[in-house]
Structures are given as structure tokens and as C-alpha cells.
Amino acid sequence: CFNHYITSVSTLFPGAGGWSPLESDKHQWLQIDLRERMEVSGIAVQGRHGSSDWVTSFLLMFSDTDSGWKQYQQDDSLWDLPGNSDADGVVHYKFPQSIKTRFLKFIPLEWSPGGGIGMRVEVYGCTYKSDVADFDGRSSLLYRFNQKSMSTVKDVISLKFKSKHSEGVLVHGEGQRGDYITLELHRGTLALHINLDDAKLQSSASHLSVTLGSLLDDQHWHSVLIERFNKQINFTVDKHTQHFRTKGSCDSLEIDYELSFGGIPLPGKPGTFLRKNFHGCIENLYYNGVNIIDLAKRRKPQIYTGNVTFSCSNPRITPVTFLSHASSYLLLPSESLPEGLTVRFQFRTWNRDGLLLHTHVLPKSESLLLYLSSGRLKLTHQKSVLDKMEITTGHGLGDGLWHTVSLSTRGFQVSVRLDNDMPNVLESNSVIGSGDSFFFGGCPATLNDLNCRSPTLAFQGCMRLIFINNQPINFFQVQQGLLGNFSDIQIDVCGIRDRCLPNYCEHGGQCSQSWSTFHCDCSGTGYTGATCHNSIYEPSCEAYRHTGSTSGYFSIDSDGSGPLGPTLVYCNITEDKIWTVMNHHNMAFTRVQGSNPERPYTMQFNYSTSREQLQAVVSAAEHCEQEIMYRCWKSRLLNTQDGSPFSWWIGRTSEKQTYWSGSSPGILQCECGLEENCMDMNYFCNCDADREEWATDAGLLTYKEHLPVSQIVIGDTDRPDSEAFYRVGPLKCYGDRNFWNSASFNKEASYLNFPTFHAELSADISFYFKTTSDSGIFLENLGTKDFIRIELSSPVEVTFSFDVGNGAVQLTVKSPNPLNDKQWHYVKAERNTKEASLQVDQLPIKFKEAPADGHLRLQLTSQLFVGGTISRQKGFLGCIRSLMLNGLTLNLEERAKMTPGVRPGCPGHCSSYSSFCQNGGKCTEKYNGYSCDCTYSAYVGPFCKKEVSALFEADSSVTLTFQEPSLDKWNKSTQSSLIFSETSKSRESISFSFLTARTPAMLFFLNTYHQEYMAVILSRNGSLQIWYRLNKLKEPDVFFTNTVNLANAQVHQVRINREGRDIYVQVSSPSMDREVMFAGMQGFIGCLSSVQFNQIAPLKAALHQQAGALVTVKGHLLESNCGSSIPADLNTFTTTHSLSDHSEKADNEREPLMNAIQSDSAVIGGVIAVVIFITFCIIAVMTRFLHLQRNMHQAVSKDKEHREGLERALRNDVDLQSTVGCNKKEYFI
């Protein structure tokens, strides 16, 4: 090893002096010649001793010659290296991978603000020995085997190469049966083609091609390593590796006679690739430990050398890099030639647009522009502002490859040629001569010549081999300021880089790029975001429930942004328990015959998802089950003499399971054996009785660590008349352990610690929190310098901060409402190579772009702290739930069980989610979440959103009957008490929906013991009428709604609310007609849905509960979903009435309220004298209680009078067919 240094004194660090240029500007550099290629492992830099001169940042370049430099990258996207902060401090850099080079160049970028450039440099490393061969595009090396054919199961090929050409075969070998291996340089990338199978027996599906690397035609060394063992292959180019397996059935590679390097000696040979031979240098070429170049140099007989030299030629090619799309340009002068001009150059770029060349031509007023537009090459002959001619050629030229352009004029013609295509020609009306100046890449900002205004951006990319009028350009003179002028360019280096290698687009996203950035196309991946990191699917059926989804097929992504993809499941969201159902390919009853223990029947169950996805779904669930049924005729399950079972199944653990149909692991029994009710008590399964009759062993497998069932084996159906049927149902799971996994932090000094969060390139963190504190840290993870932190920085602000080496970045989302309101709030923070983002609830997401060239990797070393920090300061007080990091949910509850100051779980979910329970549903707390109690709602379902509807035929009705409490003991039910208490209030609320085409019709009827009643009817003309009779001595009050015909076979909603003396009526009707006709109807024929009186739902009670003393159904009643057809767009009107006092008016005549509809909430006054409804309820109770026996006969008389009075009141409109019983309040529907 060596220490090589350049300084003014014999010892670098303690001594004085150093390098300091006369002028401190960005055109200065320090170059070191190591005399021969060395293996450089590190450097150290200082400022100039005893001065104010030092360099604060610099570029490091290296080259085998003193031209064609390459920049050293500290990180995947970091080019400049930090330098010194004073004159005598030493900054060391140890390279993760050594550099093999002869020349080093240090280019200062920034330096001491109070001084100038000053450097002392020391270089560390060792001597480097290599065997090199030079191939001229026609030569090759042949390594001949000692036998006719070589068959190997293990191969290792390693080499290094460099070339300026993008095509060429490096390695090739093939066999007569069709085996081959080929390594070729194609379009600047390396392609490995391999086939291990007989081409005569196998289709092309066994052939495999893999590409790796990019921009490999840059005239710099690149390393290659191919390792094969059987079908497994590791393919490495520089520091990028791909692992893959070959296709087909064979493991060995059979090659006949020889292996060629540098080309294919006999192109056209069967199976060979018709490609170009390699043109460039190869060093240290090894095949299975054999040094091929060393054998060739020593003229060994097994090596045939075909025009190969053993030193690497280095053609001097000077590239130029144009850095800025706004200000880069290169001005080159030339002698004016009236007879014409010729310009030739090569370019490469990732941009689709950019000016390549602008030049004035003779006549002086004219100019030629050559530029890229949407990836195509355009030539414009600009004669004046309005007079121009254009031609376009090529496509996809922003592909990063070198392209050759030739532009020439001769006489009246202008021609342009791209690569090897035919020239494209423009015809002019005058002879075009060469001007005296050529602008490459752009135009100076100070040049106001109209003709130099570029139609596009300046060029960003590389150019080389520039010839003007057949004269090459001397870029050394340009660099010294002796020729032309330039701005924002680098000379003698091509700074192009492939931002899609490595590919930072995740989950199969397609990467595309420009000069300064890359983009990810996430189409069809199931993911979204700048790097396709975030799944577009919910992690579970429980999560879909909270989005308001109903039952159906959904794609769930159990690990979110993790490596597992989405899987299609069925979500049953009709119950309190949300079931996830995963089917397999064979869920029908399957018949089995002819199997025995030596030749058992086997069925493998294939699910619509991978094994890893199944495991993720099952692990996250609270409970899983799978039905298994075995139906037998003389076919045993477990009954063998030696104790080994005839049949068994295999689950997720790939272990043999012998428990069946509801039994438990390790117990060789069926469900009937555990319950001791098998058909033969001498056995533990029904089928083990071995009878000539059908028997069944069926039940649920619930030990979820063994689920799902992946295989079933049946071995006793080959005896005479023996047969069996089996069925394995779908896997069903409910509950989401991750969604409700939470912890409560009770002390500011408490926290939970987890292993280090490894998220170098991409990190996403999401969770829910609720608190009453003003501030607190949710989580923190530290590194040596890097860190990541999320905190509640104020009662209305959440802050996400991190540092990956480019300086601290902070994003803050400010909420208009306090976040410490003891409600659940959602936070999601993400950081990747493109950007950082922070989301809080549904507030606008805050974004911040990452620097184009900077550190990419987040290096964390400490433990992850949740709810606090290692300093135990600014801890979080409150609850954190569903904390997920890069798709992995942290088990807060388990960690909280063993941590002081932290409790598992977090009560109070209804404080945030009670609004999810609709239509009067009540939120009920659970340990893991909540549920909606729909007992007192007219709706059902997980959120009380599903309407209960029924179709009524002629003469059908539902009657809900209840009596006042304290009369009979058998009537003291909870429902009776509730109904009575509801009718005893000073307010009532009635709502229902209906659909009918028949009038007149009774929709709703309520009556009391004292012959008071309330009715909702449709009159003959289809208008809605509300009848109140609160005094049997007076005529009923009738409310008319001024609406169109409501008996129009459309769904209408009615809401009636009474508060004290005021009655509010709301009728909602659809805005679109429905042509549904009902013919031949009598009574009410149609649909009623969502019928509710206060908290009583009589229709729901009739349809969803067993009929009893409280519910009577007359006629045929059919449950339907007709109520769900109510459209969202409804014409709604609201009517408000006031009940007058009947005591103030002796004779109250029926006065319909006309024109009582108003679109606003204004009160429409209508004076109707009635006694408040609750008064009669109380009188009815007291009368019943005090005079029960005495009033028995009176009740009959009153009931008769009541019926007669009711019939007289409604005889003009409705024909009531049901009588009213005494002592009761009733609903007629």
C-alpha cells in the first residue's frame, strides 16, 4: 500500500504550504498523476497551512488517462464532497469501493469566504495489477475444452470492460442440443441470455434474458460477475445485482467445444446471436477460476487468439456536459465559407427537448436551428420571422444513447442525417454559405438577435466529437479561454447519469427520467405516490367498512406499502362482525372412490392469493374459521388398528392435521367425539362407525394458526360400496387486530421502544391519536446525524421533521380546529427519494420536494421511541392507535403490557365514531372498536343504514299492540314499557317511506283508549292528509298537503314531528318519474319502509322478530328493498302547523290548510283546537288503573262508539276494515 501526496513540503499535515491558484474561481483544479493505475481506497484534504485559504466543497474526478474524466459519487445522487472549515483541520474520506485509476482531479466548488482556494491532499491505496486484452470489433478469444462437450452445474464468470460502443458480444457459448449462454452489450446495457433445456424438446418459454446496467458505453471500466448454481443465477454489474432462476427442467449447461470471448467467431452458426463483436478492452477475465487473458498472453494451446492485443488503447475523446436548461451554451467561431458548411457531432441526453445548434448562414439574415422537440430532431431554416422551412426526423432521441448528427449545405440544399438513416433534405431558393459563429446547446442571455431565440429550452446533456467544416474542436483551448466562449458547461467529462438505476419506483412502477429528475408511472400497479409507494386499497374489510362501503368484492392490501401485493376477497359487511371471505378453486361437494392408505386421494386447494398474503390476512384477524364436511358410506376417517388415520388435512404450516370438524389441535377426534353424541359411542367420529348408511362429520376449524386448509388426503374408499363426499368451505375471518391496536400514555416520561426503523430510501408512517394535551412527541428515531420525528407541536399543529444528511427538513400542517379535543385524528407522514409529505385528517396535504442531487439514505441507529423520546422530555399524553410503519403494524398493546405508565387499549371510541351510527342507531363501546345498536332504529346493518321495507298485498297489515304497564304481569316487558313511555311524552316523531298506486289508502293509524286517534292517509286524489282527533266530542282536525298525486308508483318519504303545540310535516318526493304501475289493488297495496314512531319501529319488529303478543301480521307481507330505491335528488317540502287549544273553541270545524307549503323553514300558522296528545295518554293510564273492573262493560260500549265515530270521520275518504280493541293503543299499517 502507499501514501501518495502532493505538497510543498516533505510532510503533508504538520508542515506549511499547499496548493493555491493565482485566481480563485470555478475554473481551477488540482490534478494528481499516480504514474500507473492504482487502487485508491481513500483521500484526506486540508487547507493551506497558516492562511485563510481552504476549500469547503469540491468534486473528485478520476481517469486512466488525462482526459475523459468520471466523477466520483459519494452517494447514489451526491456529487460534491464537503471539504474543510479551516486551514488545518483534516477531512478523511474512505471509499466504500476502491477506485482503480491513474489520474485524480480535485475541482473546488466553494471555498473560504474570507480567503481563497487552498488545498493539501493525501491519497491512500495499493498497487493494482491486471491482465488486459484489447478487442477491435473483429477479434475474439476462444477457450477450447479438453473434451467435445462440457456439462456444468456451477459456473462463475467475472470480468471488467470498457468501451465507447453500445453494442458487442462479450461472452458466448452454445451446445448442439440448444443450450447457450451469451453476455452482450446492447444499447449501452448488459444483456444475459441463457437456456439450459433441449431446444428440440422445449419451447422458447425456457429461454431467459435479463438486462442490467446503463450508460456502459462511457469509456470507463465496469465490473461484471455471473454466478450460476443449477437454476439459480446471480448477475452483478458494478454494484447492482439481480437474482433470478432459469426456466425449464434441466440444471446443467452443456457447451460444445469452446467458449468465445469478445465476439462470435462464426456468426450464422445454429443458435448464435447475430450481433456485433465487442470493441473495447476487457481485463481480469475469469471462467470458473481460469484466467483466460493470462493463458492467451502465455500462448497456451487451449486458447486461440484472434487479432487481440494485450494493452488497452485509449482514444482521446473529449466530451462536454451542458448543465443548465436555461443558461448553458458553447460558442465556437469558424471561418465563413460561401460555398457551404458541414457540422458533425454526437449527443446524448434524457431530455425530449433542447436546442442543439444555432448558426447564422450566408446570406447574413438567415440562420439554421437544429433542436430536439418531443424526442424528435428538427431542422429549421429561418429566413425571416415569418418565412421558415422545417424538416423532422428520428424519434425517442431522449433515450440516453449516443446519436450522431451531420448537418451540411451544398448549393441550394440543406441536409441533415441522423445516425445511419438516410439524409433529409431542404430545398432553398439561394445558395447557403457558412457563417462565422456556432452556438451549441443554447444562446447567450445577452444576445438579443431575434434569430438566436431558441424555440425550446437549452440543451442538457453531453456532446462529443464536434467537427465544424471538417475541423475537430480543440477543447483544451476552449477550456483555457483561447477559443470561443461558454457558460454552465463541464469540459472533458460527460456528467450524464441514469436516475432510473437503481429503480426507485416501487411495486413495479415504470421509471422514466429527464436530465435532472425521474418520474414513476404507477398505472396498473395498485399503488400511488411519487414512487408508487402507497397502496390504493384499504388494508382490511374493517377499514372498508369505515369508508361507508357495503358488502362486495374488494382488493385488500394487508401490509399497505409493504412487499405484499393486494388480494381480492369478499367483504360481508351486513353484520356487526365484518367477515373477510377467501375462496378456493374447489368448494363444491366432491365424490371420492377407490382410495386406500397406499394410494390415497389427494386434493390441493388453490386460493386466489399467495401463501404470504393468506398469512398476513389470518394473522391480522381476531378470529378465523373454515368449514370442513365429510359425508361417508363405509368410509372411515380415524378408525385404524395401528392408530394412524385414514384421512387428514394439511394447513398453512404444511403439517399433517388429524383433528376434524370442530375438534381441537392434537385431539384425534371429530366434533361429535368432543360432545359425546357420535352415532356409535365406541368411536370419536360418526364415519368411524363404518356403517352402510350415510353419516356426516362436519364442523368448523377455528385454530387460525393452521388455517387455511391447503390439502386434504382421503384413504378409505376402495372397499366394495365404499364412497365419500367432502367439502372444504371458504376461509372466513373477522376482526382487524391492527386497526384497533392501541395504547394509552398516562405519564409524560413514559414511552414504548421498538427496534430501529429501517427505511433508508422510503418511509411512511401512519397512525391515529387523541389527546387533551397541547403538545407531545408521537415518535422519534435517531441516527448519528440523521433523525426522523413526528410531534404535536401545538394544539392545532402537527410537525414532521427529518434529516438524511442534507439538513433538517420540516413540514407542518395547521388545523383550523383544535387537535387536542379528545377525538381521533389521523396522521400520515411519508418521505422518499422524490419528496416528503404530511397529511392530517382531511386537511390539505403538505409536500416538499427532495433536492435533485443530495443524500438519499436515512441512516438511523437508535431504537424507535413511541410516545416520547430517550430524553423523557415532551412526552405524549393520550392514545395512539393503528401505528403502521412501511406496512408493518407495531403491536402497541403487547408492548404496553410490560411498560410502566402505558396501558394497552384506549377507551372512548364512540366519542369519535358515534356519527357513523345513523338513523337513530346508538354507538356501543367495545374493547377493540365499537358497534352500532339498531334496536331503536327503523334501520338495520352495521351502521343502521339499511332500510327495512315490505310489500303489502290486498287486505294485508301489521298491527303493533301494547298495553300500559302495571296492568298485567305478563305484559311487563321492556318493549311494552318503552312504548308506553314514548307515547307519554309531549313530543312524538313519526317517519316512514311508501310507494303505491292505489287510493284511497291508510298509511299509518294510532288510537287510544279514550277514542282519540291520529291517522295518515292518501285521499282519492293522491294527496296526503293527516287527521287528528283529540276530543271525541269534536270533529277531527285535518292537515292537507298541497302536493301532486303521491300515489304515482314512486317512493315518497314522510316525516311528522310534534313538539308541544307545533306539528312539522315534511314530504320528500323524487324529481324523476318512475313508470311502475300497480293494477287490481284493494286497500293499501304497495311498499312501506323505515316506519318509525319515536324509537319504535313496528315494521322492523314484524319482519325481523318472531310474531307474538305485540306484533300481528294480517295477510301476506313480503320483505323487500323497495325503500332503497329512493333517489338522492328529492323535491322536499316542509309544512309546520300549530295545534290550537280546543277549550277555547266550542265548535271547531275542519279547516284544511291550503297553500301551506314553503321551501324555507318558515312556520305556517294554522289554528286547530286539539288537546295535547300526552294528556289523553295519562288519562287513559289513570282510568285503567283506578276503574279496571267497573269499566269492563263501559269499555265495550266506548269501543263501539269509537269505531262508529272513526268511521263517520273518515267515511268520505277511507274505508277502514279493522276494528279497534279496548284498552289499547295500536298501529295499523
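Residues numbered from 1 in each chain as written. Predicted model: local features only at pLDDT ≥ 70, side-chain atom pairs only at ≥ 80, totals over all residues. Heavy atoms only, no water.

Identification of the protein chain as Contactin-associated protein-like 5 from Erpetoichthys calabaricus is taken from an unreviewed UniProt entry. What UniProt states about the protein chain under its Subcellular location (unreviewed entry) heading is, verbatim, "Membrane". For the record of the protein chain, the UniProt heading Sequence similarities (unreviewed entry) holds the text "Belongs to the neurexin family." (UniProt positions renumbered as here; feature names shortened; annotations may be inferred.)

A. Summary view of the overall build of the protein chain. Helix and strand content of the protein chain: 11 helices and 84 strands. Evaluated residue by residue, the protein chain yields a buried proportion of 54% over its 1229 residues. If you take every contact in the protein chain between residues at least 6 apart in sequence, the share linking residues at least 24 apart comes to 70%. Surface summary for the protein chain: the accessible area is close to 54400 Å², and the carbon and sulfur share equals 49%. (Helix = DSSP H or I, 4+ residues; strand = E, 2+ residues; numbered from the N terminus. Buried < 20%, exposed > 50% of the residue type's maximum accessible area, 1.4 Å probe, protein only. Contact = heavy atoms within 4.5 Å. Areas by Shrake-Rupley, 256 points an atom, 1.4 Å probe, with all protein chains shown as cover.)

B. View of the pattern of salt bridges. Considering all chains together, one arrives at 32 salt bridges under this definition. The residue aspartate 66 makes a salt bridge to arginine 316 at a minimum N-O spacing of 3.0 Å. Of this pair, aspartate 66 sits in the loop between strand S3 (55–63) and strand S4 (70–71) while arginine 316 sits in the loop between strand S21 (303–306) and strand S22 (320–322); the two residues are 250 residues apart in sequence, bridging distant segments of the chain. Residue aspartate 66 is classed as partly exposed on the basis of its relative accessible area of 36%. Residue classification places arginine 316 among the exposed residues on the basis of a relative accessible area of 54%. Across the pair glutamate 627 and arginine 727 runs a salt bridge, and its minimum N-O distance is 3.0 Å. (Salt bridge = Lys/Arg side-chain N within 4 Å of Asp/Glu carboxyl O.)

C. The pairing of strand S29 (residues 403–410), seen in detail. What you see with S29 is a clean split: His403, Val405, Leu407 and Thr409 sit on the buried side and Thr404, Ser406, Ser408 and Arg410 on the side with no burial. As judged from the six bridges shared by strand S24 (residues 342–348) and S29, these two strands associate in the antiparallel manner. Paired with glutamine 346 across the two strands is threonine 404, which belongs to S29. One ladder, built from six bridges, connects S29 with strand S30 (residues 413–418); its direction is antiparallel. Paired with leucine 407 across the bridge in S30 is valine 416. Once S29 ends, the chain turns through two residues before running back antiparallel as S30, passing glycine 411 with a positive phi of about 65°. (Pairing = 2+ DSSP bridges.)

D. Fine view of the packing of aromatic side chains. Counted according to the given criterion, the structure contains 32 aromatic pairs. Between phenylalanine 745 and phenylalanine 876 the ring centres are 6.2 Å apart and the planes differ by 70°, which places this aromatic pair in the edge-to-face class. Placement of phenylalanine 745 in strand S52 (residues 742–745) and of phenylalanine 876 in the loop between strand S62 (864–866) and strand S63 (878–885) is noted, with a sequence separation of 131 residues between them. Summarising the burial analysis for this pair, phenylalanine 745 and phenylalanine 876 share the class buried. Between phenylalanine 769 and phenylalanine 778 the ring centres are 4.7 Å apart and the planes differ by 45°, which places this aromatic pair in the tilted class. Joined through ring pairs, the aromatic side chains of Phe745, Phe767, Phe769, Phe778 and Phe876 make up one cluster. Arginine 344 extends its terminal NZ or CZ atom over the ring of phenylalanine 467, reaching a point 4.4 Å from the ring centre. Taking the ring centre of phenylalanine 739 as reference, the NZ or CZ of arginine 881 above it sits at 5.1 Å. (Phe/Tyr/Trp six-rings, centres within 6.5 Å; stacked < 30°, edge-to-face > 60°. Lys NZ or Arg CZ within 6 Å of the ring centre and 35° of its normal.)

E. The arrangement of the pairing of strand S12 (residues 180–186) in detail. The element S12 is extensively covered by neighbouring structure, given that six of its seven residues are classed as buried. Pairing of strand S11 (residues 168–174) with S12, which is carried by six bridges, proceeds in the antiparallel orientation. Within S12, the position partnered with glycine 173 by the bridge is isoleucine 181. The hairpin formed by S11 and S12 contains five residues between the paired strands, and glycine 178 there has a positive phi angle of roughly 120°. For S12 and strand S13 (residues 189–195), the ladder comprises seven bridges, and the chain directions are antiparallel. In the sheet register, leucine 185 faces S13, and the bridge partner there is leucine 190.

F. Region of interest: the side chain of serine 1023. As for its position among the elements, serine 1023 is in the loop between strand S74 (1013–1018) and strand S75 (1024–1029). At a separation of 2.8 Å, a polar atom in the side chain of serine 1023 contacts the side chain of asparagine 1021. (Polar contact = N/O pair within 3.5 Å; in protein donor to acceptor, adjacent residues only side chain to side chain.)

G. Representation of the sheet that holds strand S53 (residues 752–754). With antiparallel pairing, six strands are arranged side by side in an open sheet as S53-S62-S55-S56-S57-S58. Edge strands, defined here as strands with exactly one partner in the open sheet, are S53 and strand S58 (809–814). Taking the axes of each pair of neighbouring strands and ignoring which way they run, one obtains an average angle of 15° across the sheet. Examined bridge by bridge, S53 and S62 share three bridges and lie antiparallel to one another. Its bridge partner lying in S62, phenylalanine 754 is registered against leucine 864. (Axes fitted to C-alpha atoms, helices over the stretch in contact; angles between N-to-C directions.)

H. Structural view of the side chain of threonine 833. Secondary-structure assignment places threonine 833 in the loop between strand S59 (825–831) and strand S60 (835–840). Look at threonine 833 and you get buried, because its relative accessible area is 9%. Not counting chain neighbours up to four residues away, the residues in contact with threonine 833 comprise Tyr504, Phe518, Thr531, Leu761, Ala850 and Leu856.

I. Seen up close, the sheet that holds strand S25 (residues 354–362). If you trace the seven strands from one edge of the open sheet to the other, you get S28-S27-S26-S25-S32-S23-S35, paired in antiparallel fashion. Two strands in the sheet have a free side with no partner beyond their single neighbour: strand S28 (388–393) and strand S35 (485–487). Between one strand and the next, the sheet's axes are offset by a mean angle of 15°, whatever the strand orientation. Bridging between strand S26 (residues 366–373) and strand S27 (residues 376–382) involves seven bridges; their strand directions are antiparallel. Looking at the pairing, leucine 372 lines up with leucine 377 of S27.

J. Representation of the environment of proline 844 in the model. Counting through the fold element by element, proline 844 comes out in the loop between S60 and strand S61 (846–849). Under the relative-accessibility criterion, proline 844 is labelled exposed at 69%.

K. Representation of the state of the cysteines. For the coordinates displayed, the defined rule picks out 13 disulfides. A sulfur-sulfur distance of 1.9 Å marks the disulfide that ties cysteine 500 to cysteine 511. An S-S torsion of about -80° defines the bridge between cysteine 500 and cysteine 511 as left-handed. One end of the pair, cysteine 500, is in the loop between strand S36 (489–491) and strand S37 (510–513); the other, cysteine 511, is in strand S37, with 11 residues separating them in the sequence. At a sulfur-sulfur separation of 1.9 Å, the disulfide partner of cysteine 879 is cysteine 906. On the sign convention where negative is left-handed, the bridge of cysteine 879 and cysteine 906, at about 85° about the S-S bond, is right-handed. (Disulfide = S-S within 2.5 Å.)

L. Representation of the nonpolar core. Ranked by size, the top nonpolar core spans 42 residues in total, and within it Ile712 and Tyr726 carry the most contacts. When residues of this core are traced back to their parent elements, those giving at least two are helix H3 (541–545), strand S41 (552–556), strand S42 (567–572), helix H4 (611–620), strand S46 (623–633), strand S49 (695–701), strand S50 (711–714) and strand S51 (723–734). Non-local contacts of tyrosine 726, meaning those with residues more than four positions away in its chain, are made with Asn586, Ala588, Phe589, Thr590, Val592, Tyr601, Met603, Phe605, Met629, Tyr630, Ile712 and Ile714. Formed by 41 residues, the second largest nonpolar core is a distinct cluster that contains Leu192, Val237, Leu253 and Val308. (Core = buried A, V, L, I, M, F, W, Y, C linked by side-chain atoms within 4.5 Å.)

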